[in-house]
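# Residue-level structure breakdown
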Amino acid sequence: MPSGLVALLDDVAVIARAAAASLDDVGLGVAKAGSKAAGVVIDDAAVTPGYVTDFTPERELPIIWKITKGSLRNKLLILLPIALVLSAFLPWLITPILMLGGSYLAFEGAEKVIEKFGGAQHGETLEGPVGDAAAFEQARVSGAIRTDLILSAEIMAIALSQVADSSLFTRAVALALVGILITVGVYGAVALIVKMDDIGLHLAKKQGKGTQAFGRMLVNGMPKVLTVLASVGTLAMLWVGGGIILHGLEELGVPAPAHVAHAFEHWLFVLGGPLGSVLGWIGYALASAVVGLVLGAVIAVVVHVIGHMRGKGEAGAH
């Protein structure tokens, strides 16, 4: 065999081995990043159904598809390039940006709590008069995509922390794959949740008493499940937002609030015995939610006071 061809084949073999090693690195990075981001993924799945529950059945899947496309744009076209640039040139800026997003989540969650306790409703629902159905739907989709942007930023930041020592190629591919897999998983689960009552209705019309009973159980149970998910989604906004703030303060040299939350977590862990891990997680989540609620309520008051003053100023100008 000519020596030039032998050299070429050797080069191809080296490239193939390097590519295989890179794929192994990517696979390991995806596994590590995905497992670390699992908590925020669950929160994302809990938050999203609340944006779909007011709509008629025929609009549910189209709306979820719109949100899914928005989520992919968030992760692949906005957050992925920003994460790679910041990790390469301005890694210190990642924490303050995440804290801004956490503050927004806390504000959104606090607004929902205020509304539940008799505060003024902000935004239309289908239970009240809707001026423009298309505009209402678009507003809901936009709100869901904004919330997804913050949750996705947290997911991508967690994923990035797990592959920070890898090459730029490995980081880019791992983050892209994590983003795609998580988006498909979250919104696939959301679609299944919101259509479960329709599945139950279909099963209730089938032959067989067991199938019909299961179908009726789904039909009767899903409104309760969606109500619970709406509450869990609000709590998720608060505990994720508060958790981002606690972690961010710790990163910025203000560890006391996070230490208090971790002390509460440890106390419940010791107190819980066999259930210590679960109780500890709940304790830290509750501490984070309290931080999120307090911060979000303060932001909500400031926003509404400024809005009220601006409205009075505009009225006075007329």
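From a predicted model like this one, the values you see are computed outputs, not experimental measurements.

Thresholds applied
- Residues numbered from 1 in each chain as written.
- Predicted model: local features only at pLDDT ≥ 70, side-chain atom pairs only at ≥ 80, totals over all residues.
- Heavy atoms only, no water.
- Phe/Tyr/Trp six-rings, centres within 6.5 Å; stacked < 30°, edge-to-face > 60°.
- Helix = DSSP H or I, 4+ residues; strand = E, 2+ residues; numbered from the N terminus.
- Contact = heavy atoms within 4.5 Å.
- Core = buried A, V, L, I, M, F, W, Y, C linked by side-chain atoms within 4.5 Å.
- Buried < 20%, exposed > 50% of the residue type's maximum accessible area, 1.4 Å probe, protein only.
- pLDDT = per-residue confidence, 0-100.
- Salt bridge = Lys/Arg side-chain N within 4 Å of Asp/Glu carboxyl O.

Okay, the packing of aromatic side chains next. Summed over all chains, the structure comprises 2 aromatic pairs. Ring plane angle 80 degrees and centroid distance 5.7 Å describe the contact between tryptophan 239 and tryptophan 281, whose orientation is recorded as edge-to-face. Here tryptophan 281 lies in helix 10 (residues 276-317) and tryptophan 239 lies in helix 8 (residues 209-251), a separation of 42 residues in the sequence. Relative to tryptophan 267, the ring of phenylalanine 264 has its centre 6.2 Å away and its plane inclined at 20 degrees; by these criteria the two rings are stacked. Remark: tryptophan 267 and phenylalanine 264 occur in helix 9 (residues 256-272); sequence separation between them is 3 residues, near one turn of the helix.

Looking now at the side chain of threonine 183. By the secondary structure assignment, threonine 183 is in helix 6 (residues 168-194). In contact with threonine 183, not counting residues within four places along its chain, are Thr68, Ser71, Leu72, Lys75 and Gly188.

Moving on: the nonpolar core. Ranked by size, the top nonpolar core spans 42 residues in total, and within it Ile64, Ile67 and Leu175 carry the most contacts. Residue assignment for this core shows that the elements contributing at least two residues are helix 3 (57-89), helix 4 (94-116), helix 5 (133-162), helix 6, helix 8 and helix 10. Counting residues per element, this core draws most heavily on helix 5, which supplies 12 residues. Setting aside its immediate chain neighbours within four residues, isoleucine 64 contacts Val52, Tyr187, Val190, Ala191 and Val194. The next biggest cluster of nonpolar side chains, apart from the first, holds 5 residues, and it includes Leu246, Ala258, Ala261 and Ala287.

Confidence in the prediction of the protein, expressed as mean pLDDT, is 79, and 78% of residues score 70 or more. Ranking the elements of the protein by mean pLDDT puts helix 1 (residues 3-36) last with 47 and helix 9 first with 94. pLDDT under 50 marks residues 11-25. Its contacts with residues more than four places away, or in other chains, come to 2 contacts. In the model, residues 32-37 has pLDDT below 50 throughout and makes 10 contacts with residues more than four positions away in sequence or in other chains.

Once that is clear, we can look at the pattern of salt bridges. Using the criterion set out here, one finds 5 salt bridges in the structure. With a shortest N-O distance of 2.7 Å, arginine 59 and glutamate 137 are connected by a salt bridge. Within this pair, whereas arginine 59 is found in helix 3, its partner glutamate 137 is found in helix 5, the two being separated by 78 residues in sequence. A relative accessible area of 10% means that glutamate 137 is categorised as buried. The shortest N-O distance in the salt bridge between glutamate 60 and lysine 195 comes to 3.4 Å.

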